[in-house]
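Working through the structure, step by step
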Amino acid sequence: MTGYLIRRLGQAVLVVAGVIVLTFAIMRLVPGDPAVAYAGPKASAAELAAARARFGLDDPLWVQLWNYVRDLLSGEWGTSLHTRQPVASDLTTVFPASLELVGAALIVAVAAGVPLGVLAARYKGKFPDFSVRLSSMLAVSVPVFWLALAVQTVFASNLGWFPVAGEYDATLDTTSPLRVYTNITAVDALFTGNWPMLTSTLEHLVLPALVVAAYPAGVIAQMTRAALIEEAGQDHARMARALGFGETAVLTRFSLRPAAGPVLSLIALVFAYAIVNGFLVEAVFNWPGLGRYAADSIRSLDTPAIAGVTLVVALLYVLANLVVDLLQSLLDPRVRKAG
Amino acid sequence: MKTPAKGWTGTRPAGTALIEVRDLEVRAGGRVISSVPELDLGPGECVAIVGESGSGKTTALMATMGLIEGADVSGKITVCGTDVLSASPRTLRAVRGARVALVMQSPQAALTPTMRLGTLMRRALARHGVKGAEAAERARDAVGAVLLGEEILRRYPHEVSGGQAQRFAIALAIALGAEAVVADEPTSALDVTVQAEVVAVLRRLRAEHGLAVLLVSHDLALVSRIADRVLVMREGRVVESGQARTVFAAPADPYTRELIAAVPELPGGAP
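Residues numbered from 1 in each chain as written. Chains lettered and ligands numbered in written order. Predicted model: local features only at pLDDT ≥ 70, side-chain atom pairs only at ≥ 80, totals over all residues.

Things to note about the packing of helix 7 (residues 144-158) of chain A against helix 13 (residues 260-285) of chain A
Residues and elements named next belong to chain A. Note the cut-off: Each axis is a line fitted through C-alpha atoms, and for a helix only the stretch in contact is used; angles between axes span 0 to 180 degrees, taken between their N-to-C directions. Going along the chain from the N terminus, every DSSP run of H or I of four or more residues is numbered as a helix, and every run of E of two or more is numbered as a strand. Any angle from 65 to 115 degrees is called roughly perpendicular, while one under 35 is roughly parallel, one over 145 is roughly antiparallel, and all others are oblique. Left-handed describes a crossing whose near helix is turned anticlockwise from the far helix through less than a right angle; right-handed describes the clockwise counterpart. We call two residues in contact if the C-beta atoms placed from their backbones are at most 7 Å apart. Here the nonpolar group is Ala, Val, Leu, Ile, Met, Phe, Trp, Tyr, Cys and Pro; Asp, Glu, Lys and Arg are the charged ones; every other residue, Gly included, is treated as polar.
Taken N-terminus to C-terminus, the directions of helix 7 and helix 13 make an angle of 30°; their axes are 9 Å apart at the nearest point. For the element pair helix 7 / helix 13, the angle class is roughly parallel. Considering only the axes of helix 7 and helix 13, their crossing is right-handed. Note on element contacts: helix 13 touches helix 7 through Asn277, Leu280, Val281, Val284 and Phe285, opposite Val144, Phe145, Ala148, Leu149 and Gln152. Residues belonging to the contact of helix 7 with helix 13 are distributed by class as follows: eight nonpolar, two polar and no charged.

Right, dumping it as structure tokens:
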């Protein structure tokens, strides 16, 4: 188990190193001179040279890479060209908001996708299976920005059941200000007992989280169904039937855990995907997350900020995979032994 | 092809068999894949179905458990008084495990990989209404009856040997109080010495607990050691059936002679 953990951590470090080199390369390859972007289009040659010197753009590439890695490790992620703030501090405020949205969406996606997959596998080829497959196909194929706009129009603008946009009611900043610990508003509100803030955040979270959850819920339902049907055809499932267990028990009590492997791997994948997919949803619901920050950075060719966003998403992906591998080894003793 | 004579099952009065099969036919894709005109298994008896792979013997066995999917089953199968083909799923589930238990070919694959053997045993017992202290006692007695230590209950399937896993599968049957075991090639995935252990356990349980065994095997040497009666199947049909001693001593069908000739340990086998 320990050896397995160390090996997986080593792999993760390698992946992160690869991502750092890649973001560095991309920063140097994108069209547009960062010095020009910083100094402005009307800057004189002397001002440009000063900017180049300031960012070390005249150094050899390997020196620049070394400086980049050293800065990253010491928490110095560069200065954003459009907010003029350190990228690291920008990210600590926008990233938790995205995490809140995607985390809530993923909880919804798993809570809906897994039971729906079980239902479809249980009634394979019958009406429930058909409806689950149809609706999950819809959830997967509908463009997320369209879904966001449609849901916002119907449930917020027309019916008025939920707020239209934002993370919480802005007047609460004065009437019931939040003490910030994690920057994840819902979590901070919960742990400081700030109930008005918590209620408002949850109300604002419902629609965007459901929209972000649609795609993961669809693929999780499909993968759960496929993995369960496969597992229910194995010898041990036949044995469970021969012991007198009914089909529902064979699926839920005997097949679900052995079949969890592919579903968990998929969850790690869709988690990272949902962060990026969430960018569009954040734009529609004006959610103060990574998406809006990334969009602003791209528009202003803000390479340090773009690199920072890329790195955060990549780190998150690596972390999600690590957590999934860990969960897998907890759920399945065979994985533990292989480690 | 010779049609087996009816009434070979001997002297037992009708209706006392644990498993009674009449005119069983399993069809898939318009073809008969397994057909058994008559089969009876009485308490404490051992009947073996032999034949090469694809002869329909496993299909016949699964049909007696009512576990055939994607094929049409006709005829009459009675297991412990329950008509398998017409019974409700609920009635069938009450029979499975508690009265007739299954032992499969690859022992470890037949046990849920993420479950400790003790958990599997406890759940199976709870399924049939045995819980708490009585369940624990039954589990201990059952693993003892197949000569396993209690610590096996704390292991996962991948942590036990094939022979241990197979004996545990038999222990499940004992714990649930099954009167008959339906075994599909129970020894073919095991080493020769381990095969002997499993066979010894089965023989002992037959003698001490009156456990009946319906055995499917292509291993004629095994069958000759344990079976009272034999059905020989080929291409979905029974080509010969009768007392094991008679069949092995004087095989009537050429195919049976061929099978026996291939086994050196048998009297009629090649030197």
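So that's the structure; there's more coming.
Thoughts on the pairing of strand 3 (residues 46-50) of chain B
Residue and element names in this part refer to chain B. Rules: Backbone-placed C-beta atoms define the burial measure: a residue is buried with 20 or more other C-beta atoms within 10 Å of its own, exposed with 12 or fewer, and partly exposed in between. Strand pairing requires that DSSP identify at least two bridges connecting the strands.
The element strand 3 is largely enclosed, with a buried count of five among its five residues. In strand 3, alternate side chains face the same way, and those of Cys46, Ala48 and Val50 on one face and Val47 and Ile49 on the other are all buried. Pairing of strand 3 with strand 8 (residues 212-217) involves five bridges; the strand directions are parallel. Bridged to Ile49 within strand 8 is Val216. Sheet analysis places strand 3 next to strand 9 (residues 229-234), joined by four bridges and oriented parallel. Looking at strand 9, one finds that Val50 is bridged to Val232.

Some remarks on the UniProt feature "domain: ABC transmembrane type-1" (unreviewed entry) in chain A
For clarity, the cut-off: UniProt positions are given in the numbering used here, feature names are shortened, and annotations may be inferred rather than shown by experiment.
As annotated in UniProt, the feature "domain: ABC transmembrane type-1" (unreviewed entry) corresponds to residues 95-328 of chain A in the numbering used here. Structurally, residues 95-328 of chain A is divided into 79% helix and 0% strand, and its ends, taken at the C-alpha atoms, are 27 Å apart.

Here's the deal with the packing of helix 5 (residues 87-122) of chain A against helix 15 (residues 303-331) of chain A
All names here are of chain A. Interhelical geometry of helix 5 versus helix 15 gives an angle of 50° and a closest axis separation of 10 Å. Judged by the inter-axis angle, helix 5 sits oblique to helix 15. As helix 5 packs across helix 15, the resulting crossing turns out to be right-handed. Across the interface between the two elements, Val87, Asp90, Leu91 and Phe95 of helix 5 pack against Pro304, Ala305, Gly308 and Val312 of helix 15. Its residues placed into classes, the contact of helix 5 with helix 15 shows six nonpolar, one polar and one charged.

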